[in-house]
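# Examination of the molecular architecture
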Amino acid sequence: MTRVSIESIFRNAGEIAAEIAANPRPWRLCLKLFIIILACGGAYGLTMGLAHSWLQSLSAGLKTPLLYILTLAVCLPTLHFIGLFLGSRFTFWQSMAVLLMGVAVNAALLFGFASISLFFLATGAGYRFLLFMHVLFFAVSGFAGLVSIHRTHKLLANSDGGGTGNASLLQAWMLLYMFVGTQMAFTLSPFVGRETAFYWFHHPDKNFYSYLWASFVERLDDHLPAEQAKALAFESTRAVLYALQERDFQALAAQIAPEDSLRIIPQSYSRESRVRDIHLNAAQLLEFSGKNLSIPMRQEYDRVSGKMIESSLPFATYYDQYLYDVDYAAALEAARYNEFSLGVQNKETIFAAYPKAIIVEVPVLLDRRRWRALRLVFAASPISDRPGALLPLRAIIHDQSAD
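Residues numbered from 1 in each chain as written. Predicted model: local features only at pLDDT ≥ 70, side-chain atom pairs only at ≥ 80, totals over all residues. Heavy atoms only, no water.

### Considering a nonpolar patch on the surface
- A cluster of nonpolar residues, I6, F10 and F111, forms a patch on the protein surface that exposes about 260 Å² of accessible area.
- Locating I6 in the fold gives a position in the segment before helix 1 (8–11).
- On the basis of relative accessible area, I6 is assigned to the partly exposed category, the value being 35%. (Patch = residues over 30% accessible without salt bridge, like charges linked within 9 Å, V, L, I, M, F, W, Y side chains within 5 Å. Areas by Shrake-Rupley, 256 points an atom, 1.4 Å probe, with all protein chains shown as cover. Salt bridge = Lys/Arg side-chain N within 4 Å of Asp/Glu carboxyl O. Helix = DSSP H or I, 4+ residues; strand = E, 2+ residues; numbered from the N terminus. Buried < 20%, exposed > 50% of the residue type's maximum accessible area, 1.4 Å probe, protein only.)

See the structure below:
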């Protein structure tokens, strides 16, 4: 039996193809290729999720090889049974081995790109750069995998123990595999991690191609220049800050668009205290603030009882600790519009999450090292057409230094 390793699938492709041709049930070979896919795909996936968090890294490490396995499970029956109809003599195991060979080549090349992925991550590359870099690496590796499938299929078809092959069928199947694979990757979720919070699966209302196009055309420079943004958002910023300072939730609720909700993001606490983001429409904001209702936190393990307990905080406590914790209204004149002076590493993530919005940073310096920042996200169009109408408030993002 030919020794199967990450290097041998490149060096000894002909010998592996001959072994597939000679063995109608090459399950041992399939198992070894499967292990290569799990190891290499998982290793590369770990590097993608690191841009977000260790938890997202583990998630991507699991989902990258799963992407290949599920795509293969969807597309393998099509190739095999239509091939049988057209006269192929390959067994199902042989068809699987041919495809696993190509997927293993794909995963091994991705593993080779892992060091580059780590390099750009360590040098501070932003979300959009990392996204397009990973798409490029997947495209290059995927193309190499398809070339490997075509080559192995041809060697198998021309060998003494193989069967007839249909080149046109294989080429059509490769297109199917490419489209299924890209959509499968998008369904399993973009692995880089665009949102602040961790998620296992994303449920977008687009497909992979429309999402990629939107990410390409919605550049960071689509946001208005600072002076123009200030001219549009200064009054709205002042209204929100004074409403927060005076706890005037009626005024704050009035700046939430009727069909929308306000997202409150205690970003700097999301991994430490596990305080969840909340979404409140105008009516809910008034109810929570007026009745001081409790806001549920994420579940945490209680060592005493050995059970998962979901803690909660009264709205007033949540407000004081994780939202308006210093006097941001006093820093109105220092506000920056579509510009960041503090926590700049979060800029691209926030801009990508809110394209074409106006994002106002209200910075507060506590001392040389410690700071707080409140970021207000406004829609660029007013709630109504009446003169002096304020901009709709979409999100309040709290950020702070690592005290």
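### Regarding helix 5 (residues 92–122)
- With 31 residues, helix 5 ought to run about 45 Å at 1.5 Å a step, and its terminal C-alpha atoms sit 44 Å apart, in line with that.
- By the largest-angle criterion, F113 marks the main kink of helix 5, which is about 35°.
- Looking one or two residues past helix 5, G124 carries a phi angle of roughly 85°, positive in sign. (Expected span 1.5 Å × (residues − 1). Bend = angle between axes of the 7 residues up to and from the residue.)

### Here we look at the pattern of salt bridges
- Within this structure, the stated rule accounts for nine salt bridges.
- One salt bridge connects D320 with R247, and the closest N-O pair in it is separated by 2.3 Å. Here the residue D320 occupies a position in helix 12 (residues 315–322), and R247 occupies one in the loop between helix 9 (226–245) and helix 10 (249–254), the gap between them amounting to 73 residues.
- According to the relative accessible area criterion, D320 is partly exposed, its value standing at 37%.
- Among the charged side chains, a salt-bridge network with shared partners connects E361, R375 and D399.

### Considerations on the pairing of strand 1 (residues 262–266)
- Along strand 1, five of the five residues are buried, which leaves the element largely enclosed by surrounding structure.
- Neither face of strand 1 is left uncovered, since the one carrying L262, I264 and P266 and the one carrying R263 and I265 both have all their residues buried.
- Direction of pairing for strand 1 relative to strand 2 (residues 278–280): antiparallel, over a ladder of three bridges. In the sheet register, R263 faces strand 2, and the bridge partner there is H279.
- The sheet contact formed by strand 1 and strand 8 (residues 393–400) spans four bridges and is parallel. Each residue of the ladder has a partner; that of R263, found in strand 8, is A395. (Pairing = 2+ DSSP bridges.)

### With respect to the nonpolar core
- Of all hydrophobic cores here, the largest spans 50 residues; its most connected members are I9, L33, Y44, I149 and W173.
- Residue assignment for this core shows that the elements contributing at least two residues are helix 2 (13–22), helix 3 (27–49), helix 4 (54–85), helix 5, helix 6 (127–158) and helix 7 (167–188).
- In terms of residue count, helix 5 provides more of this core than any other element does, 13 residues in total.
- Other than its neighbours up to four places away in sequence, I149 contacts V98, L99, G102, L170, W173 and M174. (Core = buried A, V, L, I, M, F, W, Y, C linked by side-chain atoms within 4.5 Å. Contact = heavy atoms within 4.5 Å.)

### Observations regarding the packing of aromatic side chains
- Counted under the stated rule, the structure contains 12 aromatic pairs.
- Residues Y44 and F138 carry aromatic rings whose centres are separated by 5.8 Å and whose planes lie at 75° to one another, so their mutual orientation is edge-to-face. Pair noted here: Y44 is in helix 3 and F138 is in helix 6, with a separation of 94 residues, a long-range link.
- The exposure class of Y44 is buried, given its relative accessible area of 0%.
- With 5.0 Å between their ring centres and 55° between their planes, F120 and F129 make a pair best called tilted.
- Residue classification places F120 among the partly exposed residues on the basis of a relative accessible area of 27%.
- These aromatic residues form a ring-pair network of at least three members: F249, F315, Y319, Y324 and Y328.
- The cationic tip of R375 hangs over the ring face of F340; the distance from NZ or CZ to the ring centre is 4.1 Å. (Phe/Tyr/Trp six-rings, centres within 6.5 Å; stacked < 30°, edge-to-face > 60°. Lys NZ or Arg CZ within 6 Å of the ring centre and 35° of its normal.)

### Details of the environment of L109
- By secondary structure assignment, the location of L109 is in helix 5.
- Residue L109 is classed as partly exposed on the basis of its relative accessible area, which comes to 28%.
- Note: C-alpha distance between L109 and F138 (29 residues apart in sequence) is 9.0 Å.
- Setting aside anything within four residues of it in sequence, one finds L109 in contact with F10, S141 and A144.

### What about the packing of helix 4 against helix 5?
- Remark: helix 4 packs on helix 5, axes separated minimally by 10 Å, with the N-to-C direction vectors making an angle of 145°. In this structure, helix 4 crosses over helix 5, and the sense of that crossing is right-handed. From helix 4, Y68, L72, L76, L79 and H80 reach across to helix 5, where they touch F92, S95, M96, L99, L100, V103, N106 and L110.
- When its residues are assigned to classes, the contact of helix 4 with helix 5 shows 10 nonpolar, three polar and no charged. (Axes fitted to C-alpha atoms, helices over the stretch in contact; angles between N-to-C directions. Left-handed = near helix turned anticlockwise from the far one by under 90°. Nonpolar A, V, L, I, M, F, W, Y, C, P; charged D, E, K, R; others polar.)

### Some words on the sheet that holds strand 8
- The strand order 2-1-8-7-6-5 describes an open sheet built from six strands, whose pairing is mixed. Unpaired on one side and paired on the other, strand 2 and strand 5 (336–337) mark the two borders of the sheet.
- Most of the contacts of helix 9 go to strand 7 (residues 371–378), to which it runs at about 110°, and overall it touches strand 5, strand 6 (358–365), strand 7 and strand 8.

### Comments concerning the side chain of T152
- Relative to the helices and strands, T152 resides in helix 6.
- Judged by its relative accessible area of 1%, T152 falls in the buried class.
- One polar contact links the side chain of T152 to the main-chain carbonyl oxygen of S148, over a distance of 2.8 Å.
- With residues up to four places along the chain from it excluded, the contact list for T152 reads A17, I20, V98 and M101. (Polar contact = N/O pair within 3.5 Å; in protein donor to acceptor, adjacent residues only side chain to side chain.)

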